[in-house]
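Chain by chain, the residues run as shown.
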Amino acid sequence: MLFDKFQTMADFQAELAERQVTPFGAVTEEILSATEGIVEGHRVILAGTNNYLGLSYDPRCIKAAQEAAARWGTGTTGSRLANGSFAEHQALETEIAGFYGVDNAIVFSTGYAATMGMCSTLAGPGDVILLDADSHASIYAGVRLSGAEIIRFKHSDPDDLAKRMRRLGDRAGQALIIAEGIYSMLGDVAPLKEIAAVKREYGGYLLLDEAHSMGALGSSGRGAAQDAGIEADVDFTVGTFSKSLGSIGGFCISPHAELEAIRFCITAYIFTASSSPSIIASTREALRIIGEEPERRTRLWDNADRLYQGLKALGAKVGPTASPVVAVEMEDRSQTIDCWKALLESGVYVNLVIPPASPSTNFLLRNSVSAAHSTEQIDRIVAAYASLKDAGLLPTSRES
Amino acid sequence: MTDYQEYLEFLYSALKEQNKKNVPLNEHTALVADIGLSSLEVMEFIEKIEDHFDISIPLNILPDVNTIGELAKKVKELNL
């Protein structure tokens, strides 16, 4: 039967319905600020929104979007290759390229389309791609479409990458290496200095996904490559507007002038409508703001550190270092669902992550921090986890 | 040059640890359907093979591999 393969998911949905819990697709009924909303009837602190710099509710971005909608209309109703290239799109491409100090940029309608589109187009049959094992689903989707030979290297393991580049022999010089800045589920930062060193030794091209690190890392917010001082080694940077920039859309920037020819070969760019002018306008404003307000990054990391240290002090199983994404490792699916529900009811919305969305076989409560969170809100998030611990629901590490 | 049988023998020995149900192994034994390897265990098994033969096994070939024999043939091709 065509539908047999969906039965496991249908059973899981039935289990969730019986337990009266909606971790996937929980409905936000009202947004009160960048960090507060009404979700499934509960007034909550939003700690699972990737709104790293808190710009989704910035009055300047809202005003820019309103003015653009009034001037340009609500949508472009067409592809960038047909009627969908407005002056706003071109201006954003110039500005995002300028932000990264390069000459070439493409703006996509979503971050998924940017990553999937670039990964499916850059390499083709006869080429070889080496990708980090914990790459985002959009990367896997792209490389599978590419027709290239796909080789995984162990997550954030430059030695394994080097070993696999050596095995390629002469082909290494043409290989496409794919890594991310901050990995979305556990919040770990890639060892980019070491990865860049492998690329320098063996050759090849490096595509870096800065979706979760743009705005969060680097002296001017350009991301993990800037933070690691290896921007000159990156051939293609892809990213999203839907996290630090608070809107939706994606981009690719590159020092290679060939990006302009590549643009016309990306089906995920060609065969979809371009972003609404209001989206582009708010993104442009947000990009300007992150350039002018570096203190947002400082607040983000202060908040990340406060949440990380608070959860660590409780004995929660968190990663080795603080990050804008703080994942708490749980033991099994049922326990993770119970804790997610308890957190929601106590006024904290986080993300529930289960395999295969999580790396390995982890069950996670994924918290994302915002510069817009107040200290008091961070403390309330920690207090909600403390209640889970008191109720015997939170698994803790041995040393706690 | 290692022949097909030697590849099979290596795969049998490499699977010992993961063959928790002690399924009798032959070239027709299916890695997932018979031995019950999870997707993570398949990747760990692949890594063992890669390191032993100093090769990289592309992800592209995995959809065509169900049995130990099919994998032995692919590894032999890659190791030529």
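Description of the structure in this document. Residues take numbers from 1 onward in each chain, read along the sequence in its written order. Whichever chain is written first is A, and whichever ligand is written first is 1; the rest continue in order. The predicted origin of the model limits local features to residues at a pLDDT of at least 70 and limits the giving and counting of side-chain atom pairs to 80 or more, whereas totals for whole chains, interfaces and linings rest on all residues. Here the side-chain values reflect all heavy atoms present in the structure, with hydrogen atoms and water set aside.

### Overview of the sheet that holds strand β1 (residues 28–33) of chain A
Residue and element names in this part refer to chain A. What counts here: When DSSP finds two or more bridges between a pair of strands, those strands are recorded as paired. Numbered from the N terminus, helices here are DSSP runs of H or I no shorter than four residues, and strands are runs of E no shorter than two.
Reading across from one edge, β1-β2-β3-β12 is the order of the four strands in this open sheet, with mixed pairing throughout. Each edge of the open sheet is held by one strand with a lone partner, namely β1 and β12 (348–349). Here strand β2 (residues 36–39) runs beside strand β3 (residues 42–46); their pairing, made up of four bridges, is antiparallel. What sits directly across from I38, in β3, is R43.

### Here's the deal with the interface of chain A and chain B
One frequently used descriptor of interface size is the decrease in accessible area upon assembly of the parts. The line we're drawing: Throughout, a contact is declared for two residues whenever any of their heavy atoms are within 4.5 Å. Once two parts are brought into contact, the accessible area they lose, counted with a 1.4 Å probe and summed over both, makes up the buried area. Take a side-chain nitrogen of Lys or Arg and a carboxyl oxygen of Asp or Glu: if they are within 4 Å of each other, that pair is a salt bridge. Between N or O atoms, a polar contact is any pair within 3.5 Å; within protein, one atom must be a potential hydrogen donor and the other a potential acceptor, and residues adjacent in sequence are included only when both atoms are from side chains. Residue type decides the class: Asp, Glu, Lys and Arg count as charged, Ala, Val, Leu, Ile, Met, Phe, Trp, Tyr, Cys and Pro as nonpolar, and the leftover types, Gly among them, as polar.
Listed by partner, the interface residues are 13 residues for chain A and 11 residues for chain B. Summed over both sides, the interface of chain A with chain B buries roughly 1,100 Å², with 46% coming from carbon and sulfur. Sorting the residues of chain A by area buried against chain B places I150(A), R152(A) and R167(A) first, and these three jointly supply 45% of that buried surface. Viewed at the interface, chain B and chain A are joined by six salt bridges. With a shortest N-O distance of 3.0 Å, D54(B) and R166(A) are connected by a salt bridge. Our enumeration of links across chain A and chain B arrives at 11 residue pairs in polar contact (both at pLDDT 80 or more). Looking at the side of chain A that touches chain B, the elements with two or more residues in it are β6 (149–153) and α6 (158–168) of chain A. Each residue belonging to the side of chain A that touches chain B can be placed in one class, and the counts come to four nonpolar, two polar and seven charged.

### Things to note about the pairing of strand β10 (residues 250–254) of chain A
Residues and elements named next belong to chain A. The condition that has to hold: Here's how the labels work: a residue is buried when its accessible area is under 20% of the maximum for its type, exposed when over 50%, partly exposed in between, all with a 1.4 Å probe on protein chains only.
Counting buried positions along β10 gives five out of five residues, so the element sits mostly inside the fold. Neither face of β10 is left uncovered, since the one carrying G250, C252 and S254 and the one carrying F251 and I253 both have all their residues buried. In terms of strand pairing, strand β4 (residues 104–108) meets β10 through five bridges, oriented antiparallel. Across the sheet, the residue bridging to F108 is G250, located in β10. Looking at chain direction, strand β9 (residues 236–240) and β10 are connected through four bridges and run antiparallel. Note that in β10 the partner of G239 across the bridge is F251.

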